[in-house]
Amino acid sequence: MKLKNLIVTAFIAFSPAALAELNVIADLGGQSTQAIFEAVNRQDTPPAPAAAPEHGEAAMLPVITPELSPGNVPSRALQLPGIGALFIIGDDSYSRQWLQQNAQQLSARNAAGLVVNVESMASLESLRGLAPGLQLAPSSGSELARRLQLTHYPILITDSGLSQEVKQ
């Protein structure tokens, strides 16, 4: 049986059909692929530089927190020992006005700010210009909104409560 398989294999390998040239059955036109292969095989052309990735805060933008929007927030007591002073704002006229009016008191409290809705670095820098010296960081407010049952900002959160009124 092995000898028979060997003879059949040898016959197929050395048959005139196996040694024949390829025949073109049909040429339906189309475009030559030569340019594609030339581009692939070209080694002397350096690759085009990739766009530089954004770093730091710019890579975090835009920040959108769908759970939070500008609006009035009733004050309420909380027990959050050790939280310090944290405020939440967005890039909107209500937050801008609130930030300007309360910048000195927020600074006196060493409050840190989260900007929970902001589109661009230009907008973030504009907010920072309203309150020089205050820390403003772009960040999602979804988790805070859920945990503190918030729907609106601007708001100041301290270890004893949350309020839109900022007192010394």
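Each remark here, short or long, concerns the structure printed above.
Residues numbered from 1 in each chain as written. Predicted model: local features only at pLDDT ≥ 70, side-chain atom pairs only at ≥ 80, totals over all residues. Heavy atoms only, no water.

(A) The arrangement of the overall build of the protein in detail. Looking only at helices and strands, the protein has seven helices and eight strands in total. The buried share among the 168 residues of the protein stands at 30%. Considering only residue pairs separated by 6 or more positions, the protein has 80% of its internal contacts joining residues 24 or more positions apart. Per element, the accessible surface of the protein, about 11800 Å² overall, is 57% carbon and sulfur. (Helix = DSSP H or I, 4+ residues; strand = E, 2+ residues; numbered from the N terminus. Buried < 20%, exposed > 50% of the residue type's maximum accessible area, 1.4 Å probe, protein only. Contact = heavy atoms within 4.5 Å. Areas by Shrake-Rupley, 256 points an atom, 1.4 Å probe, with all protein chains shown as cover.)

(B) Spatial organisation of helix 6 (residues 121–130). Taken together, the buried positions of helix 6 are occupied by Ser123, Leu124, Leu127 and Arg128. Projected down its long axis, helix 6 carries its buried residues within an arc of 140°, all on one side. Summarising the geometry of helix 6, the exposed residues directed more than 90 degrees from the buried face are Ala122 and Gly129. Buried-residue contacts for helix 6 involve helix 4 (57–60), strand 3 (86–89), helix 5 (93–108), strand 4 (112–115) and strand 5 (135–138). (Arc of directions from axis to C-beta.)

(C) Spotlight on the nonpolar core. By size, the foremost hydrophobic cluster in this structure holds 19 residues, and its most contacted members are Phe87, Ile89, Leu99 and Leu106. For this core, the element with the highest residue contribution is helix 5, accounting for four residues. Look past the residues within four positions of Leu106 in its chain and what remains in contact with it is Phe87, Trp98, Leu99, Ala111, Leu134, Leu156 and Val166. In terms of nonpolar packing, the next biggest core, distinct from the first, is built from 14 residues, Leu68, Leu78, Leu86 and Ala145 among them. (Core = buried A, V, L, I, M, F, W, Y, C linked by side-chain atoms within 4.5 Å.)

(D) View of the side chain of Ser123. Along the chain, Ser123 falls in helix 6. Beyond its immediate sequence surroundings of up to four residues, Ser123 is in contact with Asp91, Arg96 and Val118.

(E) Quick look at the sheet that holds strand 5. Strand order across the open sheet formed by six strands is 2-8-7-3-4-5, with mixed pairing between neighbours. This sheet does not close on itself; its edge strands, each paired only once, are strand 2 (76–77) and strand 5. Note that strand 4 and strand 5 share four bridges and pair parallel. Along strand 5, the bridge assignment pairs Leu114 with Ala137. Along the sheet, helix 5 contacts strand 3, strand 5 and strand 7 (155–157); its crossing angle with strand 3, the most-contacted strand, is approximately 160°. (Pairing = 2+ DSSP bridges. Axes fitted to C-alpha atoms, helices over the stretch in contact; angles between N-to-C directions.)

(F) Representation of the pairing of strand 4 within the structure. The pairing of strand 3 with strand 4 spans four bridges and is classified as parallel. Following the sheet pairing, Ile88 is matched in strand 4 by Leu114. The β-α-β motif built from strand 3, the intervening helix 5 and the parallel element strand 4 has right-handed crossover chirality. Considered for its hand, the β-α-β crossover made up of strand 4, helix 6 and strand 5 is right-handed. (Right-handed = clockwise from strand over helix to strand, strands pointing away.)

(G) View of the packing of aromatic side chains. Going through the model one piece at a time under the given rule, you end up with one aromatic pair. When the ring of Phe87 is compared with that of Trp98, the centres are 6.0 Å apart and the planes differ by 50°; the resulting orientation is tilted. Of this pair, Phe87 sits in strand 3 while Trp98 sits in helix 5; the two residues are eleven residues apart in sequence, bridging distant segments of the chain. Accessibility expressed as a relative area gives 5% for Trp98, which makes it buried. (Phe/Tyr/Trp six-rings, centres within 6.5 Å; stacked < 30°, edge-to-face > 60°.)

(H) Spotlight on helix 5. Compared with the 22 Å implied by 1.5 Å per residue over 16 residues, the 23 Å span of helix 5 between its first and last C-alpha is a close match. In helix 5, a bend of some 65° at Asn102 exceeds every other bend along the element. Three or more residues of helix 5 are buried, namely Ser95, Trp98, Leu99, Asn102, Ala103 and Leu106. In this fold, the buried residues of helix 5 make contact with strand 3, helix 6, strand 5, strand 6 (152–153) and strand 7. If you check the start of helix 5, you find a side-chain oxygen 3.1 Å away from the backbone N of Tyr94, and it comes from Asp92. Phi turns positive one or two residues past the end of helix 5, at Asn110, with a value near 55°. (Expected span 1.5 Å × (residues − 1). Bend = angle between axes of the 7 residues up to and from the residue. Polar contact = N/O pair within 3.5 Å; in protein donor to acceptor, adjacent residues only side chain to side chain.)

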